[in-house]
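The lines below spell out each chain.
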Amino acid sequence: MGVDRILREARAAVEKIVPANIEITAIDFEGPVIVIYTKNMEEFARNADLIKKLAQGLRKRVSIRPDPSTMLKPEDAEEKIRAIIPEEAKIVDIFFEDSTGQVTIEALAPGIVIGKKGNILNEIKKVSGWAPNVVRSPPIPSKTVSEIRAFLRSKREERKVFLRKVGRKIARQTLDGEDWVRVTALGGYREVGRSAHLLMTRNSKVLIDCGIDASSSQTPYLNVPELMPLETLDAVVLTHAHLDHSGLIPALYKYGYDGPVYATPPTRDLMALLQLDYMKVAVSDGSNAPYSSAHVQKEVLHTITLKYGETTDIAPDIRMTFHNAGHILGSAVAHFHIGDGAYNVAFTGDIKYEKTWLFNPAVNRFPRVETVVMESTYGGHNDTQPSRHEAAAQLEDILRRTQERGGKVLIPVFSVGRSQEVMLVIEEKMRHGEIPEMPVYLDGMIWEATAIHTAYPEFLNNSLKNRIFKDSTENPFLSPIFHRVETRDMRERIINDPEPLIVLSTSGMMNGGPVMEYFKNWADEPKNSIIFVGYQAEGTIGRKVQGGMKEITFNSRGKQIGVEINMEISTIDGFSGHSDRRQLINYIANMEPRPERIILSHGEEKKSLDLAASIHRKFNYDTRVPKNLETIRLH
Ligand code: ZN
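Residues numbered from 1 in each chain as written. Predicted model: local features only at pLDDT ≥ 70, side-chain atom pairs only at ≥ 80, totals over all residues. Heavy atoms only, no water.

(A) Representation of the coordination of the zinc ion. Coordination of the zinc ion by the protein involves H240 (NE2), H242 (ND1), H327 (NE2) and D350 (OD), with metal-donor separations of 2.2 to 2.3 Å. Considering all four donor atoms around the zinc ion, the spread of angles at the metal, 87 to 170°, places the coordination shape in the irregular class. Of note, the zinc ion draws all its donor residues from one chain, in the sequence arrangement H-x1-H-x84-H-x22-D. With H327 in the loop between β14 (318-324) and β15 (332-338) and D350 in the loop between β16 (343-347) and β17 (371-375), this pair connects stretches of sequence that are 23 residues apart. Per residue, the accessibility class of H327 equals that of D350, and both read buried. (Donors = N, O, S within 2.8 Å, 3.2 Å for Na, K, Ca; no water. Tetrahedral: all angles 85-135°; square planar, octahedral: opposite > 155°, others 65-115°. Helix = DSSP H or I, 4+ residues; strand = E, 2+ residues; numbered from the N terminus. Buried < 20%, exposed > 50% of the residue type's maximum accessible area, 1.4 Å probe, protein only.)

(B) Local environment of the side chain of S601. Looking at where S601 falls in the secondary structure, it is placed in strand β26 (residues 597-601). Owing to a relative accessible area of 5%, S601 belongs among the buried residues under this scheme. Sequence-distant contacts of S601, that is, excluding residues within four places in its chain, are made with G188, Y189, H197, V373, M374, E375, S376 and S608. (Contact = heavy atoms within 4.5 Å.)

(C) Geometry of the sheet that holds β16. If you trace the seven strands from one edge of the open sheet to the other, you get β13-β14-β15-β16-β17-β26-β27, paired in mixed fashion. Two strands in the sheet have a free side with no partner beyond their single neighbour: β13 (312-315) and β27 (622-624). Taking each pair of neighbouring strands and ignoring which way they run, the sheet shows an average axis angle of 25°. In the packing of helix α21 (residues 605-619) onto the sheet, contacts are made with β17, β26 and β27, and the angle to β26 comes to roughly 165°. (Pairing = 2+ DSSP bridges. Axes fitted to C-alpha atoms, helices over the stretch in contact; angles between N-to-C directions.)

(D) Just the packing of helix α20 (residues 581-589) against α21, in detail. In the contact formed by α20 and α21, the axes pass within 11 Å of each other and the chain directions differ by 40°. By the angle between their axes, α20 is oblique relative to α21. Like other packed secondary-structure pairs, α20 and α21 cross with a definite hand, here right-handed. Between α20 and α21, the contacting residues are R581, L584, I585, I588 and A589 on the first element and D610, L611, S614, I615, K618 and F619 on the second. Its residues assigned to classes, the contact of α20 with α21 shows seven nonpolar, one polar and three charged. (Parallel < 35°, antiparallel > 145°, perpendicular 65-115°, else oblique. Left-handed = near helix turned anticlockwise from the far one by under 90°. Nonpolar A, V, L, I, M, F, W, Y, C, P; charged D, E, K, R; others polar.)

(E) Highlighting the nonpolar core. Formed by 84 residues in total, the largest nonpolar core has its most connected members in L395, I411, I426, I502 and L504. For this core, the element with the highest residue contribution is helix α11 (residues 265-285), accounting for seven residues. Mapped onto the domain boundaries, this core takes at least three residues apiece from domain 3 (177-381 + 578-633) and domain 4 (388-575). If sequence neighbours within four positions are ignored, L395 has contacts with I411, V422, V425, I426, I531, I572 and F575. (Core = buried A, V, L, I, M, F, W, Y, C linked by side-chain atoms within 4.5 Å. Domains from an automatic or database assignment.)

(F) Just the pattern of salt bridges, in detail. Per the counting criterion, the structure on display carries 42 salt bridges. In this structure, the salt-bridge partner of E30 is R65, at a minimum N-O distance of 3.1 Å. Of this pair, E30 sits in strand β1 (residues 24-30) while R65 sits in strand β3 (residues 61-66), and the two are 35 residues apart along the sequence. Judged by its relative accessible area of 5%, R65 falls in the buried class. The shortest N-O distance in the salt bridge between R368 and E370 comes to 3.3 Å. Judged by relative accessible area, which is 36%, R368 ranks as partly exposed. Under the relative-accessibility criterion, E370 is labelled buried at 11%. (Salt bridge = Lys/Arg side-chain N within 4 Å of Asp/Glu carboxyl O.)

(G) Region of interest: the pairing of strand β2 (residues 33-38). Most of β2 is tucked away, with six of its six residues classed as buried. Here β2 shows no split at all, with V33, V35 and Y37 on one side and I34, I36 and T38 on the other all buried. Between β1 and the antiparallel strand that follows it, β2, lie two residues; G31 among them carries a positive phi value of about 60°. With six bridges joining them, β2 and β3 adopt parallel strand pairing. Across the sheet, I36 pairs through a bridge with I64, a residue of β3.

(H) Looking closely at the sheet that holds β2. The strand order across the open sheet built from three strands is β1-β2-β3, with neighbouring strands paired in mixed fashion. The strands lining the two open edges of the sheet, one partner per strand, are β1 and β3. Sheet twist, expressed as the mean angle between neighbouring strand axes with direction ignored, is 25°. The sheet contacts of helix α1 (residues 3-17) involve β1 and β2, and relative to β1 the element is tilted by about 135°. The strands touched by helix α8 (residues 156-170) are β1 and β2; relative to β1, the strand with the most contacts, the crossing angle is about 80°.

(I) Representation of the domain arrangement of the chain in the model. What the domain assignment reports for the chain is domain 1 (2-69), domain 2 (74-137), domain 3 (177-381 + 578-633) and domain 4 (388-575). For domain 3 and domain 4, the distance between their C-alpha centroids amounts to 30 Å. Counting residues at the interface gives 26 residues for domain 3, matched by 25 residues for domain 4. With both sides pooled, the region where domain 3 packs onto domain 4 buries about 2,300 Å², and carbon together with sulfur makes up 67% of that total. Our enumeration of links across domain 3 and domain 4 arrives at zero salt bridges. Each residue belonging to the side of domain 3 that touches domain 4 can be placed in one class, and the counts come to twelve nonpolar, six polar and eight charged. (Buried area = accessible area lost by both parts, 1.4 Å probe.)

Structure below.
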């Protein structure tokens, strides 16, 4: 079907559903959404079922916007809106977008702006004529979140043109003929580090993840003929922000791609944060970054965000839905519904199938699913991890005994994921008096990553979400025990502080970053402790220290220095963001409905093969472990 025909049919369908007293002035595509303009916003406000009926009738996401002639001037509208919204909503900012007829209201308590069953929003629509869009202002201000919002605001004309183009491409005419679906392994198969999969049908092409191995700079096989030219790609779908999944996406824009990236809102913000940091590190190492900040900006401008459970057309014959993956903030399992129910495939990305301090367990219930492409990082025979509670108890022991002997604790962490989880455990244990109070300092990008977590509480597990939603006194991240290290002087003071204290600092594998400043000053003192909570790759300083090396030399501000290691060294395995072998097998065992085929990626060769054999033996599923560049026909 062509675009014009779809719009004509949409208009006919809308006219059938909408009562005659409502005037529809225009219908158009905006990305995957059909936008309906009307002169009678108040009728839509009064009749809440109408939008639902339209979405069902059109089988599309629908947005109702006021016809421009019915809207108040922004100055007058703002006055009215401020009068309607209760004070306790704590409005931070209100801004108007003429091109879409939307007014964005940024508040500390967005629930209050929305009102009971949306009654305040409806009132705003009725009185001002503008369509309200409510966003939360993070209780901890995040530079990333506010810069991205300001950037998108400044580019709204460009963005509108882009969304219209995407909408038209999704609605394009397709050819009749034999249907087929296949998936090509472009990276991250029988290895960990550069995940990329190409999902292809007769009509469409979707790239799922496009990572970079940050330690070796290895990239996926993007020069395969089926991917070229990049303009022929319909969409890039990103499961989560870690660089081994997102790190090369900006380069796609450098080489000619100008289509959408689909990601959850926190994934968009975190990917930009990590990519910009990756570029900075590459520049300071003297190696070349594969793209510039202009390409990261272009990527952000082209990102269409989707929440969990929001089904969306991303190509003429593909609908996609994100589900919680439990791995890091915003991480998603991407479920694809191809053709009219012809085939269903889910890509897990990285998953944690256990409730953690931060997230609910990964989702494994789908309306339909025939093939699952799953990670297998800890799929090996001996890959069992202690539970979250055992890990917390271990942490408590080490913190207590270090405090008793008057020492300091250093915890090298990645900025996103593990650091927030360790913060939550420490906060809880100190609040309950299970460990003595001492200050906790956060150095490196941890503060910024934590701020992004508090901007999106709806992506956290239910109990944490409720605590953050309730009010600021309940928000564990705002606890007075946490201090941000902001200057070199402050770091110097902490290093020389005689009292017991805790430092969480990047980088997580000790290959640079502020963690090295603390380490070189504290390592030779036996009363101090270092605790490893994340994976330490072969060849990193973290791996050497963890392995018990007594003396190491490393480069510090251009000088080779030697450090003697006498501090207590501990490793806590139970904070992993990945499922262990048992959890991976349970994820498949409890999946509904029962899939037919499991394809394994994101694991060392031996581990992926081992897990594939076990799953085949246990459930008799067709299991595959393709090599990079192999293609499997699914349907
Ligand atoms: Zn990951």
